[in-house]
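Chain and residue survey
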Amino acid sequence: MSKSGKNKTGLTNDCGGSVNIGSGAERGDNAAVRERTPLRDWLIIAAIGAVISLLVMWGRGAFSAQSAQEAMRYISDGFFVAGVVLAGMAGLAYCGNEGTFDMLFFGVKQLVRSFTVRDLTGQKESFYDYRKKKQAAKKPVLYILITGGCFILAGGLFLGLFYAV
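Rules and cut-offs
- Residues numbered from 1 in each chain as written.
- Predicted model: local features only at pLDDT ≥ 70, side-chain atom pairs only at ≥ 80, totals over all residues.
- Heavy atoms only, no water.
- Helix = DSSP H or I, 4+ residues; strand = E, 2+ residues; numbered from the N terminus.
- Buried < 20%, exposed > 50% of the residue type's maximum accessible area, 1.4 Å probe, protein only.
- Contact = heavy atoms within 4.5 Å.
- Expected span 1.5 Å × (residues − 1).
- Axes fitted to C-alpha atoms, helices over the stretch in contact; angles between N-to-C directions.
- Left-handed = near helix turned anticlockwise from the far one by under 90°.
- Nonpolar A, V, L, I, M, F, W, Y, C, P; charged D, E, K, R; others polar.
- pLDDT = per-residue confidence, 0-100.
- Patch = residues over 30% accessible without salt bridge, like charges linked within 9 Å, V, L, I, M, F, W, Y side chains within 5 Å.
- Areas by Shrake-Rupley, 256 points an atom, 1.4 Å probe, with all protein chains shown as cover.
- Salt bridge = Lys/Arg side-chain N within 4 Å of Asp/Glu carboxyl O.

Here we come to the environment of K133. Position of K133 among the secondary structure elements: in helix 5 (residues 127-136). Classification of K133 as partly exposed rests on a relative accessible area of 46%. Residue contacts for K133: discarding those within four places in its chain leaves K109 and E125.

If you want it as C-alpha cells, here you go:
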C-alpha cells in the first residue's frame, strides 16, 4: 500500500473504513475501456470471413486434395462462399440502418416489455421516438461489403488458377 491508501487493485481505505472500488478507467486501466476502432472492426470481419472460408475449404476437402487443380477449386469455393456471406451481412445491416426492420423490432420489444417490465411512470416510448433514436445510431457497413468483395475477388483469383492449372 502507498501513502494515499491505495493498493494495486484500486481499493482505497479511508479512515472511516469505506472502500472505493472504482472502474478501470478511473484506475487508468486501458484494458477495461474498449473503444470501437475502424481497424478493429476490419480485423474482426476479416477473421470471420477467414473462419468461414477455412470451414468451407475443410468441408470440401481442400487440405486432402489429390491434385493442385482440385485444391484450387475448393479454395476458390471457400473464398467465394465467405465473400457472399459477408456481402449478405452488409446488405442486411444496410437495410437495418435504413429502417427496414424498425417496425418489427419495435413491436417485439413492446410485446416483451408488456409481459416483463412494469413501467410506473405510465410513459411509453412511441414508434416515432424509437425510430428517431435508431436513425441517430446508424452503424457503418461499407467495410463489411468491401471485405466481402475482397473475399469474392480472392475466390475469382483461385478460380482463374483452377482453369490455368
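Alright, that's what it looks like, and here's the rest.
Next up on the list: the side chain of N97. Mapping N97 onto the fold places it in helix 3 (residues 68-97). Residue N97 is classed as buried on the basis of its relative accessible area, which comes to 14%. Residue contacts for N97: discarding those within four places in its chain leaves Q135, K138, K139 and V141.

Quick look at helix 2 (residues 38-60) now. Between its first and last C-alpha, helix 2 extends 33 Å over 23 residues, near the 33 Å set by a 1.5 Å rise per residue. Within helix 2, burial applies to D41, I45, G49, S53 and M57. The first or second residue beyond helix 2 is G61, which carries a positive phi of 95 degrees.

Turning next to the packing of helix 2 against helix 6 (residues 142-164). Between helix 2 and helix 6, the shortest axis-to-axis distance is 10 Å and the interhelical angle comes to 35 degrees. The two elements helix 2 and helix 6 meet at a crossing, and its hand is right-handed. Taking contact as the criterion, the partners of D41, W42, I45, A46, G49, A50 and S53 in helix 2 are, on helix 6, Y143, I144, I146, T147 and F151. Taken together, the residues that form the contact of helix 2 with helix 6 break down as 8 nonpolar, 3 polar and 1 charged.

A residue-level look at the protein chain finds 76% of positions with pLDDT of 70 or above and a mean pLDDT of 82. In the model, residues 11-15 has pLDDT below 50 throughout and makes 12 contacts with residues more than four positions away in sequence or in other chains.

Right, let's get into a nonpolar patch on the surface. On the surface, V51, L54, L55, W58 and F63 cluster together to form a nonpolar patch covering roughly 600 Å² of accessible area. You can see F63 is positioned in the loop between helix 2 and helix 3. Here F63 falls in the exposed class, since its relative accessible area comes to 56%.

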